[in-house]
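Report on the structure
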Amino acid sequence: MANNEESRGLKSLLDWFANRRKSGSTILERQEREIADGLWHKCSNCGVLTYTKDLRANQMVCVECGHHNRVDSDERIRQLIDANSWRAMDEQLRPTDPLQFRDRKAYSDRLREMQDKLDLVDAVKTGLGQIDGLPIALGVMDFRFMGGSMGSVVGEKLTRLIEQATQRRYPVVIVCTSGGARMQEGMLSLMQMAKISGALQRHREERLLYIPVLTNPTTGGVTASFAMLGDIILAEPKATIGFAGRRVIEQTLREKLPEDFQSAEDLLKHGFVDDIVPRTQLKKTLAQLIALHQPPAPTTTHNMVVWETRSLSSTVAE
Ligand SMILES: [Zn+2]
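None of the values given here were measured: they were computed from a predicted structure. (Residues numbered from 1 in each chain as written. Predicted model: local features only at pLDDT ≥ 70, side-chain atom pairs only at ≥ 80, totals over all residues.)

1. So, unusual backbone geometry
Operational definition: Numbering of helices and strands runs from the N terminus; a helix is a DSSP stretch of H or I covering at least four residues, while a strand is a stretch of E covering at least two.
Of note, the amide linkage connecting Asn216 to Pro217 takes the cis form, showing an omega dihedral of -15°. Locating Pro217 in the fold gives a position in strand S8 (residues 210–218). Within the chain, Met60 stands out as a residue other than glycine whose phi angle is a positive 65°. In this structure, Met60 sits in the loop between helix H2 (52–57) and helix H3 (73–80). A positive phi angle, close to 60°, is found at Arg169, a residue other than glycine. Residue position: Arg169 is located in the loop between helix H5 (152–168) and strand S7 (172–178).

Right, dumping it as structure tokens:
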């Protein structure tokens with residue numbers, strides 16, 4: 001009798017554990033499903049789960065550890081530009097494949113796939129808008145499109161943006177994120193470094209303000225040109241900023257590099273960056289800097305010239 005009761009007790013205990021395990025796994029499955037559905041977001045730094053809605057409200061910065069998750073160009077424009085003030089520029093510029101480049105895949109196929117998947121034509125969005133009521137010319141790179149690589153379209157759009165800003169006497173802000181020059185366009189992508197730098201020089205001669213914002217990661221030809229030419233250079237916390245990759249440098253030097261090498265914090269320490277601004281403070285900081293640097297009177301009359309759309313390069317199609 002006692003044995004029977006004991007075995008019944010044991011059985012119900014085992015059932016209880018089995019049920020618990022079962023319901024536990026359902027919760028886990030549900031969580032995984034919700035993460036997959038995009039309802040939840042798991043922080044890649046601290047592992048804490050946050051409602052995507054809450055994360056978005058905090059500009060994609062983890063509320064637990066402050067990790068700055070990557071944001072796409074549309075989201076970034078929403079974060080920085082006053083509502084209803086954005087006027088996109090040169091949306092018709094599309095990349096071509098002048099070298100008929102092919103690696104594992106044809107460059108033209110790669111472009112088409114990206115364009116279909118992301119609803120982007122290339123790796124940058126440019127336009128005019130207002131930031132706390134002040135006019136600016138803004139360029140935002142998008143890492144999702146071929147690693148934010150700089151080809152002819154990125155170069156041409158940024159150049160036109162800067163030229164437009166020079167004529168209107170607007171400050172320029174470029175939110176950078178890039179793996180570097182786009183190798184599928186060879187020399188044509190490297191040319192863009194000089195072209196954008198030239199446009200920035202003319203903007204600078206008019207004593208106008210340019211602020212690059214370096215976000216994770218900013219590397220290669222972008223670092224070697226417009227990302228480092230700012231009057232004031234801002235960076236997001238913990239962003240990787242460099243020219244060549246860490247592994248390449250370690251192999252060349254044959255020594256181990258320090259943990260914080262190529263971090264925004266290390267660059268600030270060495271004077272390459274002027275300030276590190278958390279994303280939640282970025283709009284306010286930019287607006288303050290722009291208000292403090294209101295442009296002086298023009299030195300020439302060329303801001304009177306009507307700006308006209310023109311193609312500076314035969315490597316992009318309109
Ligand atoms: Zn976190």
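2. Some details on the nonpolar core
Using the following cut-off: Residues enter a nonpolar core if they are buried, belong to Ala, Val, Leu, Ile, Met, Phe, Trp, Tyr or Cys, and are joined to the set through C-beta atoms within 7 Å. The exposure label follows from counting other C-beta atoms within 10 Å of a residue's C-beta, where the C-beta atoms are placed from the backbone and the thresholds are 20 or more for buried and 12 or fewer for exposed, leaving partly exposed in between.
Among the nonpolar cores identified, the biggest contains 52 residues, and Val172, Val173 and Leu214 are the most heavily contacted of them. Sorting elements by how many residues they give to this core places H5 first, with six residues.

3. Some points on the pairing of S7
The following threshold applies: Strand pairing is defined by DSSP finding a minimum of two bridges between the two strands. Handedness rule for crossovers: strands pointing away from the viewer, path from the first strand over the helix to the second running clockwise, crossover right-handed.
The buried fraction of S7 is high, at seven of seven residues. Where strand S6 (residues 134–141) meets S7, four bridges bridge the pair, whose relative direction is parallel. Bridging across to S7, Leu138 finds its partner in Val173. You can see the chain leave S6, run along H5 and come back into S7, and the turn it takes is right-handed. Pairing analysis gives six bridges linking S7 to S8, with the strands arranged parallel. Its bridge partner lying in S8, Cys176 is registered against Leu214. One crossover worth recording links S7 to the parallel S8 by way of helix H6 (residues 187–205), and it is right-handed.

4. Some remarks on H6
Where we set the bar: In a helix, the anticipated span is given by 1.5 Å times the number of residues less one. Within this analysis, the arc is defined by the directions that extend from the helix axis to the C-beta atoms. Throughout, a residue-residue contact means that the two C-beta atoms, derived from backbone geometry, are no farther apart than 7 Å.
Across its 19 residues, H6 extends 28 Å between first and last C-alpha, which sits within 8% of the 27 Å expected from 1.5 Å per residue. Turning to H6, its buried residues are Leu188, Ser189, Gln192, Ile196, Ala199, Leu200 and His203. When H6 is viewed along its axis, its buried side chains cluster within an angular range of 125° and face the same direction. Seen from the open side of H6, the exposed residues pointing more than 90 degrees away from its buried face are Met187, Ala194, Gln201 and Glu205. Buried residues along H6 sit against H5, S7 and S8. Arg207 sits one or two residues past H6 and shows a positive phi near 55°.

5. A look at the packing of H5 against H6
What counts is decided by this rule: Throughout, an axis means a line fitted to C-alpha atoms (over the contacting stretch in the case of helices), and angles, computed between N-to-C directions, take values from 0 to 180 degrees. What sets the label is the angle itself: under 35 degrees gives roughly parallel, over 145 gives roughly antiparallel, 65 to 115 gives roughly perpendicular, and the rest give oblique. Residues are grouped as follows: nonpolar covers Ala, Val, Leu, Ile, Met, Phe, Trp, Tyr, Cys and Pro; charged covers Asp, Glu, Lys and Arg; every other residue, Gly included, is treated as polar.
Packing of H5 against H6 leaves a shortest axis separation of 9 Å and a crossing angle of 5°. The orientation of H5 with respect to H6, classified from their angle, is roughly parallel. Across from Ser152, Val154, Gly155, Leu158, Thr159, Ile162, Glu163, Ala165 and Thr166 in H5, the residues of H6 making contact are Leu188, Ser189, Gln192, Lys195, Ile196, Ala199, Leu200, Arg202 and His203. A class-by-class count of the residues in the contact of H5 with H6 yields eight nonpolar, seven polar and three charged.

6. Topic: the confidence of the model for the protein
What counts here: On a scale of 0 to 100, pLDDT captures the predictor's confidence in every residue.
Per-residue confidence for the protein averages 89 on the pLDDT scale, and 81% of its residues sit at or above 70. Predicted confidence for residues 303–313 stays below pLDDT 50, and this span has 13 contacts to residues more than four positions away or in other chains.

7. What to know about the environment of Ala235
The residue Ala235 is located in strand S9 (residues 234–235) in this model. The class of Ala235 is buried, set by 27 C-beta atoms lying within 10 Å. Distance from Ala235 to Ser263, taken between C-alpha atoms, is 9.7 Å for residues 28 residues apart in sequence. Leaving out residues up to four positions away in the same chain, Ala235 has contacts with Leu214, Ile241, Ala264, Leu267, Val273 and Ile276.

8. Observations regarding the pairing of S8
Of all nine residues in S8, eight are buried, a share of seventy percent or more. As judged from the two bridges shared by S8 and S9, these two strands associate in the parallel manner. Bridge pairing links Leu214 to Ala235 in S9.

9. With respect to helix H10 (residues 279–292)
Over its 14 residues, H10 extends 20 Å from the first C-alpha to the last, a length consistent with the 20 Å expected when each residue adds 1.5 Å. Among the residues making up H10, those that are buried are Arg279, Leu282, Leu286, Leu289 and Ile290. In the core, the buried residues of H10 are packed alongside H3, strand S5 (124–131), S6, S7 and S8.

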